[in-house]
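What the coordinates show
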Amino acid sequence: MAQKRLLVDMDGVLADTYQQFFRLESNITGKKIEREDVIGVSEADAFPNYLSYIHKAGFFRDAPVIENAIEVMKKLNNVYDIFIVSSAMEFPNSLREKYDWLQEHFPFLHWKQIILCGSKIPVQGDILIDDHFKNLDYFKKTTLLYTQPHNMGRDKGHQRVNNWKEIESILL
């Protein structure tokens, strides 16, 4: 029997881009934004310099890994046909930076397991873990909504997961 195909988003699921936003906002503007301040607010609205941050060299490359993601992904990789599916065409630096980031933090994933794309709509599988409704809403099978401030207060029929330990308990 074939393994189920598990699709995993990168930004906000594996890579802690919110920590990048908080750090840059504090370093560049001196303004400290707290997680509670941005609940239910899009990233673009929450961070006044959002576009300059995501176009900045190193933004994607230097993001910290979300807690427990590496350990749980190693286990999942033995059970599922895993693909990292990440939008990488919109921001010029992100394509190379995301690939390099994955090679550093998830070296157990083969390059054939990485899909860096424009739109995720044509990519299908059995399960999608993502933090954005724009990716989950079109998906035809099981969806796991990874909690991030911008999606709090709305679930839209997706099963919410708050961390990688919850993902582990659901999928293993």
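Residues numbered from 1 in each chain as written. Predicted model: local features only at pLDDT ≥ 70, side-chain atom pairs only at ≥ 80, totals over all residues. Heavy atoms only, no water.

**Digging into the sheet that holds strand 2 (residues 81-87)**
Quick note on the threshold: Each pair of strands is called paired provided DSSP finds at least two bridges between the two strands. Strands here are runs of E lasting at least two residues and helices are runs of H or I lasting at least four, both read from the DSSP assignment and numbered beginning at the N terminus. Angles here are taken between N-to-C directions and fall from 0 to 180 degrees, while the axes themselves are lines fitted to C-alpha atoms, restricted in helices to the stretch in contact.
Here we have 6 strands laid out as an open sheet, ordered 3-2-1-4-5-6, and parallel in their pairing. Because the sheet does not close on itself, it has two edges, and the strands there are strand 3 (114-117) and strand 6 (159-161). Ignoring which end each strand starts from, the neighbouring axes of this sheet average 25° apart. Looking at chain direction, strand 4 (residues 127-130) and strand 5 (residues 142-146) are connected through 4 bridges and run parallel. Across the sheet, residue I129 finds its bridge partner in strand 5, namely L144.

**Let's talk about the layout of surface pockets**
We apply this condition: Using a 1 Å grid laid over the protein atoms alone, points where a 1.4 Å probe fits but cannot get out form a cavity; open sets with protein on both sides within 12 Å along at least 5 of 7 lines form a pocket; any residue with an atom within 4 Å of a point counts as lining. Grid points are joined across faces, edges and corners, and a volume is the space filled by probe spheres set on the points. Side-chain classes follow a simple rule in which Ala, Val, Leu, Ile, Met, Phe, Trp, Tyr, Cys and Pro form the nonpolar group, Asp, Glu, Lys and Arg form the charged group, and the remainder, Gly included, forms the polar group.
The computed volume of the largest pocket comes to approximately 450 Å³. As for the largest pocket, its lining consists of 24 residues, of which D11, Y50, F91, H132 and K134 are closest to the centre. Among the elements of the structure, helix 1 (17-29), helix 3 (50-55), strand 2 and helix 6 (133-136) are those that each provide at least two residues to the lining of the largest pocket. Along the lines of polarity and charge, the residues of the lining of the largest pocket split into 7 nonpolar, 8 polar and 9 charged. Counted as a void, the second largest pocket has a volume near 160 Å³.

**Observations regarding unusual backbone geometry**
For clarity, the cut-off: Burial here depends on accessible area, computed with a 1.4 Å probe over protein chains only, as a share of the maximum for the residue type. Under 20% is buried, over 50% is exposed, and the range in between is partly exposed.
In the Ramachandran plot, N68 falls in the positive-phi region, its phi being about 70° despite a non-glycine side chain. N68 sits in the partly exposed class, given a relative accessible area of 25%.

**So, the environment of P64**
Our working rule: Contacts: residue pairs with any heavy atoms within 4.5 Å of one another.
Mapped onto the elements, P64 comes out in the loop between helix 3 and helix 4 (69-77). C-alpha of P64 to C-alpha of Y146: the two residues are 82 residues apart in sequence and 16 Å apart in space. Residues in contact with P64, not counting those within four places in the same chain, are L14, A15, D16, Q19, Q20 and W101.

**Concerning the pattern of salt bridges**
As a reminder of what qualifies: Every case where a carboxyl oxygen of Asp or Glu lies within 4 Å of a side-chain nitrogen of Lys or Arg is listed as a salt bridge.
Under the definition given, this model contains 12 salt bridges. Measuring nitrogen to oxygen at the nearest pair gives 3.0 Å for the salt bridge that ties R96 to D100. Remark: D100 and R96 occur in helix 5 (residues 94-105); sequence separation between them is 4 residues, near one turn of the helix. For R160, the salt bridge goes to D155, with nearest N and O atoms at 2.7 Å. The partly exposed category is assigned to D155, whose relative accessible area is 35%. Salt bridges sharing partners connect three or more residues here, namely D9, K120 and D130.

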